[in-house]
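Working through the structure, step by step
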Amino acid sequence: MSDCLFCKIIAGEIPSSKVYEDDVCYAFNDIDPQAPTHFLVIPKAHIASCGEITPENSAVVAHCFEVIVKICKELGVESYRIVNNCGDQAGQTVKHLHFHVLAGRDMTWPP
Ligand code: AMP
Ligand code: ZN
């Protein structure tokens, strides 16, 4: 999608600090980290939010979670929080599905 920030990051048109990449997803460090470890995992296909997950595209979500586990193991991170903000009230600012992975500090609940 031409005017999507994360599609531009995937295309290399905007620089990012890459953590991982394969045919289906891309992972990169958040530009404004909220924890000592804070990276984002995004599908390469443009899906605007969690609200657009369907039976046809949900396999990429499962893949994103497999990748999160793989990255965390490689980083030696054993405890982490996965966050998805869906919609404006939840705090979604970039309308391309992304999973935040935060680690390295105590987390509070409720968030
Ligand atoms: P959300 O508010 O859940 O939509 O999350 C969007 C995230 O994208 C925020 O944590 C931002 O800090 C992050 N972000 C925005 N622009 C960039 C960028 N150019 N590179 C890396 N992370 C970014
Ligand atoms: Zn996009």
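Below: a short report on this structure.

Digging into the pattern of salt bridges
Here the structure, examined in full by the defined rule, presents four salt bridges. Between lysine 70 and glutamate 74 there is a salt bridge, with the nearest N and O atoms lying 3.4 Å from each other. Residue lysine 70 and its partner glutamate 74 are both found in helix 2 (residues 58-75); the two are separated by four residues, about one turn of the helix. For glutamate 74, a relative accessible area of 59% puts it in the exposed group. Aspartate 88 is paired through a salt bridge with lysine 95; the nearest N and O atoms lie 2.6 Å apart.

What about the site of ligand 1?
Near ligand 1 lie 16 residues; those nearest to it are Asp30, Asn85, Thr93, His98 and His100. The contact in question runs from an oxygen atom of ligand 1 to an N or O atom on the side chain of aspartate 30, over 2.5 Å. One can see that ligand 1 is located within the largest pocket. Counting only elements with at least two residues in the shell around ligand 1, the list comes to helix 1 (5-10) and strand 2 (25-29). The element best represented in the shell around ligand 1 is helix 1, accounting for three residues. Its residues assigned to classes, the shell around ligand 1 shows seven nonpolar, seven polar and two charged.

Regarding the coordination of the zinc ion (ligand 2)
Around the zinc ion (ligand 2), the protein supplies Cys4 (SG), Cys7 (SG), His46 (ND1) and His96 (ND1) as donor atoms, at distances of 2.0 to 2.3 Å. Coordination at the zinc ion (ligand 2) comes from four donor atoms whose angles at the metal span 105 to 115°, giving a geometry best classed as tetrahedral. One chain supplies every donor to the zinc ion (ligand 2), and in sequence these donors are spaced C-x2-C-x38-H-x49-H. Of the two residues, cysteine 7 is situated in helix 1 and histidine 96 in the loop between strand 4 (81-83) and strand 5 (99-103); the sequence distance between them amounts to 89 residues.

Things to note about helix 2
Compared with an ideal rise of 1.5 Å per residue, which puts 18 residues at 26 Å, helix 2 spans 26 Å between its outermost C-alpha atoms and is within 8% of the ideal. For helix 2, the full list of buried residues reads Val61, Cys64, Val67, Ile68, Ile71 and Cys72. Seen from one end, helix 2 has its buried residues packed into an arc of 130°, which puts them on one side. Turned more than 90 degrees from where helix 2 packs its buried face, Ala59, Glu66, Lys73 and Glu74 sit exposed. Following helix 2 by one or two positions, glycine 76 has its phi on the positive side, about 75°.

Rules used in this analysis
Residues numbered from 1 in each chain as written. Chains lettered and ligands numbered in written order. Predicted model: local features only at pLDDT ≥ 70, side-chain atom pairs only at ≥ 80, totals over all residues. Heavy atoms only, no water. Salt bridge = Lys/Arg side-chain N within 4 Å of Asp/Glu carboxyl O. Helix = DSSP H or I, 4+ residues; strand = E, 2+ residues; numbered from the N terminus. Buried < 20%, exposed > 50% of the residue type's maximum accessible area, 1.4 Å probe, protein only. Near = heavy atom within 4 Å. Polar contact = N/O pair within 3.5 Å; in protein donor to acceptor, adjacent residues only side chain to side chain. 1 Å grid on protein atoms, 1.4 Å probe; cavity = no way out; pocket = protein on both sides within 12 Å on 5 of 7 lines; lining within 4 Å. Sits in = over half its atoms within 2 Å of the grid points. Nonpolar A, V, L, I, M, F, W, Y, C, P; charged D, E, K, R; others polar. Donors = N, O, S within 2.8 Å, 3.2 Å for Na, K, Ca; no water. Tetrahedral: all angles 85-135°; square planar, octahedral: opposite > 155°, others 65-115°. Expected span 1.5 Å × (residues − 1). Arc of directions from axis to C-beta.

On their own, these measurements won't tell you what the molecule is for.
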